[in-house]
Amino acid sequence: PPSSITGTDSLLERRNRSFAALQAHYYDAPPRIERGWKEHLIDTSGRHYLDMVNNVTALGHGHPAVAEAAAKQWRLLNTNSRFHYQAVAELSERLLAQVPDSLDTVLLVNSGSEAVELALRLGKAFTGREDVLCVQESYHGWSLGADAVSTSVSDNPRAAQTRPGWVHAADAPNAYRGTHRGEGAGAAYARDAVALLQELHDAGTPVGTYIAEPRNGNAGSIGTPPGYLDTVYAAVRAQGGVCISDEVQMGYGRLGRYFWGFEEHGVVPDIITMAKAMGNGHPLGAVITRREIAEALSSQGSFFSSGGGSTLSSRIGVTVLDVISKEQLQENAGAVGQVLAEGFHSLMDQHALVGAVHGMGLYQGVEFVRSRETLEPAGEETLAVCDRMRELGVIVLPTGDRQNILKVKPPLCFTAESARFFLETLDQVLTDRW
Ligand code: PMP
């Protein structure tokens, strides 16, 4: 083997040499994590960390039910070669049981980016229109189409200047710091979005597909204000368009009160995209839609993914749904989310740096500001909080276009005890430094 992998270089140096620089990692000296258990991570020296950011490993790290189901299925069969497999049928049925009746067709893929990519293709095939309306400050994936509708400047500082011509972005409906604030913000943002839809229609480029998260995950679980999503969905449909709800981050029980984020708004999307939690870390994603929409794509060719919907992925997908229900993880997300929300609000009373608390269930965002009047984002402070939290054994990260929001999205098995440890550590860091 080359000297670089036998020699004295540290593992981190070796990794950095062979890894593209654009795959950023979190810290200059990241801990080398060797194993995980529930919401805990353990490094090579045996040190424990609380994992506050892992919404992929939704059931928790190292879940034995997933490991056993995967091992058993691997020994039996793992393929996806157009035969008929029990696990695929089971997963598709189980997914359909989770969505409103009008959605009756499942397409299985390997990731969130693939789900979004396929959803955009479906929208285009069904409406015959290329133009897409998305929302500012959003992230939907890395592939060509998913990246085109991703507008967040934290991922791409030149996002606004580099969108292709078929992508149009509505203002981010942020009722805390955006164009419209407070009560009535939802209706005001909706009016702006409807006006934009009309403008595009009149210009001869009517929108075929609207894509949005039900709350902005990338921005730190910022809620879409009431009166917005239902109005925009109605306006898109009135012009013959379809609506995608990207549930890659918000769906699968994380919000506690709702299994899907769109339920919070009383809307039913035409297409739902999902991934992350579905496989508990195993690559698995899906698109759920109506048959007529899926069939529009068949007229343009077939859809096949070598790994998506394999017997292994499907068996893992079924197991994950079993565990969510057996361990009542959605209910847990609601209950422990409440402990976190109350704790964050009391931190807001004590520390001027905490400007707002966003989110629900086990996706919350703690927004740091330098002034509650000007709302000047406290980006450097947020990073410093994260660094100090890591020193104290908690992995938590900044998010959003201003990088001033702590994203709090631990595995769904997160306990009230861990929530209290997190809140106490955050309180200590804020008291010591600010
Ligand atoms: N949509 C949303 C809302 C996401 O948050 C992400 C990933 N952060 C994606 C799509 C892309 O998912 P993946 O990383 O699995 O490709």
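Going by the structure above, here's the rest.
Owing to the predicted nature of the structure, the values given are computational and were not obtained by experimental measurement. (Residues numbered from 1 in each chain as written. Predicted model: local features only at pLDDT ≥ 70, side-chain atom pairs only at ≥ 80, totals over all residues.)

Draft legend 1. Structural context of the overall build of the protein. Scanning the protein from N- to C-terminus turns up 13 helices and 17 strands. Taken over C-alpha atoms, the radius of gyration comes to 22 Å for the protein, in line with the 22 Å a tight globule of 434 residues would show. In terms of overall dimensions, the protein has a C-alpha envelope of 60 × 55 × 45 Å along the principal axes. Each of the 434 residues in the protein was classed as buried or not, and the buried ones make up 50%. Residue pairs at least 24 apart in sequence account for 73% of intrachain contacts in the protein once pairs closer than 6 positions are excluded. (Helix = DSSP H or I, 4+ residues; strand = E, 2+ residues; numbered from the N terminus. Rg over C-alpha atoms; globule rule 2.2 N^0.38 Å. Buried ≥ 20, exposed ≤ 12 C-beta atoms within 10 Å, placed from the backbone. Contact = placed C-beta atoms within 7 Å.)

Draft legend 2. Representation of the sheet that holds strand E7 (residues 209–212) in the model. On the basis of which strands lie adjacent, the open sheet formed by seven strands has the order E4-E12-E11-E10-E7-E5-E6 and mixed pairing. With partners counted over all chains shown, the strands left at the sheet margins are strand E4 (105–109) and strand E6 (167–170), one partner each. Within the sheet, the average angular offset between the axes of one strand and its neighbour, ignoring direction, is 20 degrees. The sheet contact formed by strand E10 (residues 242–246) and strand E11 (residues 271–274) spans three bridges and is parallel. By the bridge assignment for E11, Asp246 is matched with Thr273. (Pairing = 2+ DSSP bridges. Axes fitted to C-alpha atoms, helices over the stretch in contact; angles between N-to-C directions.)

Draft legend 3. Structural detail: the sheet that holds strand E3 (residues 48–51). Taken together, four strands build an open sheet; the order of strands is E1-E2-E3-E15 and the sheet is mixed. Unpaired on one side and paired on the other, strand E1 (33–37) and strand E15 (394–395) mark the two borders of the sheet. As defined by bridge partners, E1 adjoins strand E2 (residues 40–43) across four bridges and the pair is classed as antiparallel. Residue pairing in the sheet places Arg35 in a bridge with Ile42 of E2.

Draft legend 4. Expanded view of the environment of Arg121. Along the chain, the position of Arg121 falls in helix H5 (residues 112–127). Taking the C-beta count within 10 Å as the criterion, Arg121 has 17 such neighbours and is therefore assigned partly exposed. Considered as a pair, Arg121 and Thr209 are 88 residues apart in the sequence and their alpha carbons are 9.5 Å apart.

Draft legend 5. Seen up close, the packing of helix H3 (residues 64–76) against helix H10 (residues 311–326). Close contact between H3 and H10 brings their axes to 9 Å; oriented N to C, the two are set at 155 degrees. For the element pair H3 / H10, the angle class is roughly antiparallel. Read as a crossing pair, H3 and H10 show a hand that is right-handed. For the pair formed by H3 and H10, the contact residues are Ala65, Val66, Ala69, Ala70, Gln73 and Trp74 on the first element and Thr311, Leu312, Arg315, Ile316, Thr319, Val320 and Val323 on the second. (Parallel < 35°, antiparallel > 145°, perpendicular 65-115°, else oblique. Left-handed = near helix turned anticlockwise from the far one by under 90°.)

Draft legend 6. Looking closely at the site of the ligand. As a structural note, the neighbourhood of the ligand is formed by 13 residues, with Ser111, Gly112, Ser113, Gly141 and Val248 the closest of them. Considering every element that reaches the shell around the ligand, the biggest residue donor is H5, with three residues. (Near = placed C-beta within 6 Å.)

Draft legend 7. Quick look at the environment of Gly223. With respect to the helices, strands and loops of the structure, Gly223 is situated in strand E9 (residues 222–223). We classify Gly223 as buried; it has 21 C-beta atoms within 10 Å. It is 10 Å that separates the C-alpha atoms of Gly223 and Val357, two residues lying 134 residues apart in sequence. If we skip the residues at most four places from it in the chain, Gly223 touches Arg215 and His358.

Draft legend 8. Structural view of the nonpolar core. Ranked by internal contacts, the top residues of the largest apolar core, which has 115 residues, are Ala115, Ala119, Leu122, Tyr210, Val232, Ala286 and Val287. Counting contributing residues per domain, this core is built from domain 1 (3–59 + 328–433) and domain 2 (64–326), each supplying no fewer than three. For Val232, the contacting residues outside a window of four places in its chain are Ala190, Ala193 and Tyr210. (Core = buried A, V, L, I, M, F, W, Y, C linked by C-beta atoms within 7 Å. Domains from an automatic or database assignment.)

Draft legend 9. Examining the pairing of strand E12 (residues 285–289) more closely. In terms of residue burial, E12 counts as a mostly covered element, since five of its five residues are buried. The two faces of E12 match: Gly285, Val287 and Thr289 on one face and Ala286 and Ile288 on the other face are all buried. Relative to E12, E4 runs antiparallel, the two being bridged by five bridges. Considered in E12, the bridge of Thr105 is made with Thr289. In this structure, E11 lies alongside E12, joined through four bridges in antiparallel fashion. Residue pairing for E12: Ile272 is matched across the bridge by Ile288.

Draft legend 10. Focus on helix H9 (residues 291–298). What H9 keeps buried is the set Ile293, Ala294 and Ala296. The arc that holds every buried residue of H9, seen down its axis, measures 150 degrees, which confines them to one face. Those residues of H9 that are exposed and aimed more than 90 degrees away from the buried face are Arg291, Glu292 and Ser298. Next to the buried residues of H9 lie E4, H5, E10, E11 and E12. (Arc of directions from axis to C-beta.)

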